[in-house]
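Letter by letter, the chains look like this.
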Amino acid sequence: MVENIIHGFNVALSVSNIFFCFIGILLGTIVGILPGIGTMTTLSMLLPFTYLMNDPISAIIMMSGIYYGSQYGGSISAILYKIPGEVSSVISCNDGYAMTKRGYAGAALGAAAMGSFIGGCFAALLVAGLSPLMIKFALLFGPREYFALIIFGIICSVLLGKQNWIKGFSMAFLGILLSMPGMDQVSGKSRFIFDNLNFANGISFVIICMGLYGISEIFYKILNDEKNRLSSIPQFKIFSKNSLSMIFSSWASMIRGCAVGSLGGMIPGGGTILSSVVSYAVEKSVAKDKESFGKGNIKGLVGPETANNAGAQTSFIPMLTLGIPVNPVLALIMATLIIHNFEPGPAMIDKNPRLFWGLVASMLIGNFFLLIINLTTVNFLVKILKIPFYLTATLVLLICVFAAYNLNNSIHDLFFLLIFGVFGYYLKKWNFDSTPLLIGFILGPKLEETFIQSMQLNHGNLFLLFETNFCIFLYSTCLILLFFIKFNKNNTN
Amino acid sequence: MSNNKKFSLIILSITFVFLVQNKNYPIGSLESMKFGFFPWIIISLCLFLGIVLFFMKDSNG
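Below is a short write-up of the structure. (Residues numbered from 1 in each chain as written. Chains lettered and ligands numbered in written order. Predicted model: local features only at pLDDT ≥ 70, side-chain atom pairs only at ≥ 80, totals over all residues. Heavy atoms only, no water.)

1. A look at the overall build of chain A
In terms of regular secondary structure, chain A is built from 22 helices and 2 strands. Whereas a compact globule of 493 residues would reach a radius of gyration of roughly 23 Å, chain A reaches 22 Å, a difference of no more than 12%. Projected onto its principal axes, the C-alpha coordinates of chain A cover approximately 70 × 55 × 50 Å. By the burial criterion, 61% of the 493 residues in chain A qualify as buried. (Helix = DSSP H or I, 4+ residues; strand = E, 2+ residues; numbered from the N terminus. Rg over C-alpha atoms; globule rule 2.2 N^0.38 Å. Buried < 20%, exposed > 50% of the residue type's maximum accessible area, 1.4 Å probe, protein only.)

Shown next as structure tokens:
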């Protein structure tokens, strides 16, 4: 493994890769700080531009940097202004902002950065160590097991999401349905193209992402008059004796955060949000002074911050080794890989060692950059929160329109962008989460492929889908999860 | 009209358009896996969920 990581460093330390890694984490930190312009918006806007990059590995390194960089950035606005830049930073608002109010903003920011760094590095090493083992396991899979695994991924993304499961399943199946126009995998003939050649290649995943996350977000903010209004930046000092002693006293929370986050990140539908929520619960349950949580307890900040960074990076494991994205961001990164002819799955490391080990090494390098940026430039970075909303909104709209048109030089894509933008706006307004739709859309073709292969192998016997122990285990876990969540909801009601 | 009803009408309309398109293809059998089969499963599930959603009350979740 050490040799492979050294090989990875050779790839990641090339001038272009280190440049794009830095650009990625800087952009990630900025979008993490800015509420409203999320990781998905940024990644979907940038995806079409990756076609222009000479080395696709640089593109993947940059996209990944944006993802884990945003986890660092999200905590800054959460701690200083109680504005979570990312959903996973919501938990940090409790104790982080309380610490700022008590005059410990420096310690809170330092602790969040240090926890994020340790969680990120630990998880990057875990990606390196666990992925080859996962691949050995995945090589034993046939189409039936893959089919079960995809079903498991979709069901988890629905059940662990924040919305009612019927709504979630409707979104997931709508996503699968929308992935169908284009070429049929068995006959090679076109289907659902409505006698329109613009549909011949299906609906673009990038257009859906930009519409649902970029355009709709801007529409929502404009129509609901949600703008960032900040008065002043709180005064803080990270490198004071008091701050440093507080940061180092929370080492146990960092270790627990690493463990919880690494595990939570690998669960489909879980990712960073589940990691930080569970970590907060763990910290509170092991603490002696439970009543201080929510009033500025540093452990309630460090644990979730460590966990969400660890989760952000271990969530790459199922995507790279099994081809199962655990959240929409990973679905978008997976789409980037596929566009650049890298097929995520068990053959990933053998076929593309430069990409895999380069990505792992870039995570370690990126985390180091992020620590430096977060400890030294926070004062400067938070000023971007003062940028007027109309400027960022105009910029996002312009980039989305330009990127959408640039995909195929087609007006047709712009119409789709508008349709999905309006659709995304209403989904948000009606309290529908679009995550299952994206997961369904990206996994739909693979689901169909494995289903067809399984049926051909089983001579059309549907019951043989449930034959192997692994399949039975996955389907029963789904059922248990379904009953547990439904039972829990009924109890809550 | 509740939000669930509005969304269910959207999902039912999209599914209906796909249904009309898919009727041109043979349903096939599980052995031959003709190309209309898998879409029929997904279309049926979308129709079912759309109808369930139509009769479901709005909640915070």
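2. Observations regarding empty space enclosed by the protein
All names here are of chain A. Inspection of the entire model under this criterion finds 2 cavities of 30 Å³ or more. Taken as a whole, the second largest cavity encloses approximately 50 Å³ of empty space. Every residue along the wall of the second largest cavity is listed here: Tyr72, Ser75, Ile76, Leu109, Ala112, Ala113, Ser116, Asn374 and Val378. When contributions to the lining of the second largest cavity are tallied by element, the ones reaching two or more residues are α4 (56-81) and α6 (105-138). Looking at the lining of the second largest cavity element by element, the count peaks at 4 residues for α6. Residue composition of the lining of the second largest cavity, grouped by class: 6 nonpolar, 3 polar and no charged. (1 Å grid on protein atoms, 1.4 Å probe; cavity = no way out; pocket = protein on both sides within 12 Å on 5 of 7 lines; lining within 4 Å. Points joined across faces, edges and corners; volume = space filled by probe spheres on them. Nonpolar A, V, L, I, M, F, W, Y, C, P; charged D, E, K, R; others polar.)

3. Focus: helix α9 (residues 205-223) of chain A
Every α-helical turn comprises 3.6 residues, leaving residues that sit three or four positions apart pointing alike. Residues and elements named next belong to chain A. Helix length check: α9 (19 residues) gives 26 Å between terminal C-alpha atoms against 27 Å at 1.5 Å per residue, within 8%. In the structure, α9 departs most strongly from a straight axis at glycine 211, where the bend amounts to approximately 35°. With 16 of 19 residues buried, α9 is to be regarded as a mostly interior element. (Expected span 1.5 Å × (residues − 1). Bend = angle between axes of the 7 residues up to and from the residue.)

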